[in-house]
Every structure is written in structure tokens, then in C-alpha cells.
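Chains, contacts and geometry: an overview
What follows is the residue order along each chain.
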Amino acid sequence: MKIKSVNIVGITGGIGNALYDSIKCLPITIHGCYFSNEIVSKELAKNEHVTLQRIDLTKQNSIEELCFPNYEAIVYLAGIPHFSNDIFQFNSFELQNQININIYSLLACIKGSVNYENSVLKKIIIVSSSDSNKFKSIYNLFKYLQEDMI
């Protein structure tokens, strides 16, 4: 199955940008979501086959404004690090950020893509990094849940 269009969530991050670099010369249309890396986003915007959307996926109201084109694939790379060796070492703000970026926004991306009347979605790819100990931190727990959802 040849994919001709992809929504990349987290396109300006390290892994997202590496993915972009590996597919930018293919005949593929890319819609990228990013939050803060303006230097990389300006470089990506030079490609005529790329559209970008700046969005803060830690905020529920921003997630509700997320609007993907009807593309064939979603590659979900978004994340926000939370360094801890204790699953209970977090505050409510950090917990909400992890829920929003790892669970709520991922589900919203999928829902937005399948809700098109003639949805062309064929692939959902989640790229995640986590420790094998899912209870090491809230970051690891939510990345585990993210993988388990799919």
C-alpha cells in the first residue's frame, strides 16, 4: 500500500524531523503539526508539499481546534518529557499535560480523521519512547497506555 498523504503530529521534534527528512523527497503530501520549534518549522514551510499547523496539544481547547486534512496516514510523535523515577512525582498541571498530549489529542486526531464522510485514512503509526517499567513515571505510564490503545 503506497501512502500519498500523511498528517505528522510532532513534525518539528527530533524524531518527527528525522521522519520528515526521510520522506521529503517522496511524492507525498504532508500536513505537520508542531508547537514550538519555529526554526525547523520555517525550514519545513519552504517545501510546497507541506502545510503546517501550530498547536499546543497540552491544552484541551487547542486540541478541540485541531483540524486535519483528509489524509491517508497519521504519524503521531508528539510528547512532552517528564523526568522522574517515581510515578507519584507530579503535580496536577503535569498530569493534565500528559493526559492531553498522550491520550486526548491522539484520540482527537484519530476521531477527526475517521469522521470525514469519505475518510481515506489507512494507517495510524505511533512513535513512542518509554522505559520498560511502565510505572516508572507518568510519562512512561501514558506512553504505555498510548501504545496499548492502538
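The sections below set out a description of the structure shown in this document. Note that the structure is predicted; figures quoted are calculated from it, not measured. (Residues numbered from 1 in each chain as written. Predicted model: local features only at pLDDT ≥ 70, side-chain atom pairs only at ≥ 80, totals over all residues. Heavy atoms only, no water.)

1. Thoughts on the overall build of the protein chain
- When helices and strands are counted, the protein chain shows five helices and five strands.
- If you list the helices and strands of the protein chain from N to C, you get β-α-β-α-β-α-β-α-β-α.
- Taken over the C-alpha atoms alone, the protein chain extends approximately 45 × 35 × 30 Å along its principal axes.
- The 150 residues of the protein chain split such that 42% are buried.
- Surface summary for the protein chain: the accessible area is close to 8500 Å², and the carbon and sulfur share equals 55%.
- Taken as two groups, the 13 positive and 14 negative side-chain charges of the protein chain have centres that lie 6 Å from each other. (Helix = DSSP H or I, 4+ residues; strand = E, 2+ residues; numbered from the N terminus. Buried < 20%, exposed > 50% of the residue type's maximum accessible area, 1.4 Å probe, protein only. Areas by Shrake-Rupley, 256 points an atom, 1.4 Å probe, with all protein chains shown as cover. Lys, Arg positive; Asp, Glu negative; His and termini not counted. Charge placed at Lys NZ, Arg CZ, Asp CG, Glu CD.)

2. Examining the packing of helix 4 (residues 92–114) against helix 5 (residues 138–149)
- Closest axis-to-axis distance for the helix 4/helix 5 pair is 10 Å, and the angle between their directions is 15°. Compared by their axis directions, helix 4 and helix 5 come out roughly parallel. Judged by the sense of rotation from one axis to the other, the crossing of helix 4 with helix 5 is right-handed. Of helix 5, the residues touching helix 4 (which contributes Glu-94, Leu-95, Gln-98, Ile-99, Ile-101, Asn-102, Ile-103, Leu-106 and Leu-107) are Ile-138, Tyr-139, Phe-142, Lys-143, Leu-145, Gln-146 and Met-149.
- Tallied by class, residues from the contact of helix 4 with helix 5 come to 11 nonpolar, three polar and two charged. (Axes fitted to C-alpha atoms, helices over the stretch in contact; angles between N-to-C directions. Parallel < 35°, antiparallel > 145°, perpendicular 65-115°, else oblique. Left-handed = near helix turned anticlockwise from the far one by under 90°. Contact = heavy atoms within 4.5 Å. Nonpolar A, V, L, I, M, F, W, Y, C, P; charged D, E, K, R; others polar.)

3. Remarks on a nonpolar patch on the surface
- Residues Leu-107, Ile-124, Met-149 and Ile-150 make up a contiguous nonpolar surface patch of roughly 340 Å² in combined accessible area.
- Mapped onto the secondary structure, Ile-150 falls in the segment after helix 5.
- Take Ile-150: its relative accessible area is 56%, and that puts it in the exposed class. (Patch = residues over 30% accessible without salt bridge, like charges linked within 9 Å, V, L, I, M, F, W, Y side chains within 5 Å. Salt bridge = Lys/Arg side-chain N within 4 Å of Asp/Glu carboxyl O.)

4. Side note on helix 1 (residues 14–23)
- Every buried residue belonging to helix 1 is among Gly-16, Asn-17, Tyr-20 and Ile-23, and all of these are buried. Buried residues of helix 1, seen end-on, are gathered within an arc of 130° and therefore sit on one face of the element.
- Buried residues in helix 1 make contact with strand 1 (5–9), strand 2 (29–34), helix 2 (38–44) and strand 3 (50–54). (Arc of directions from axis to C-beta.)

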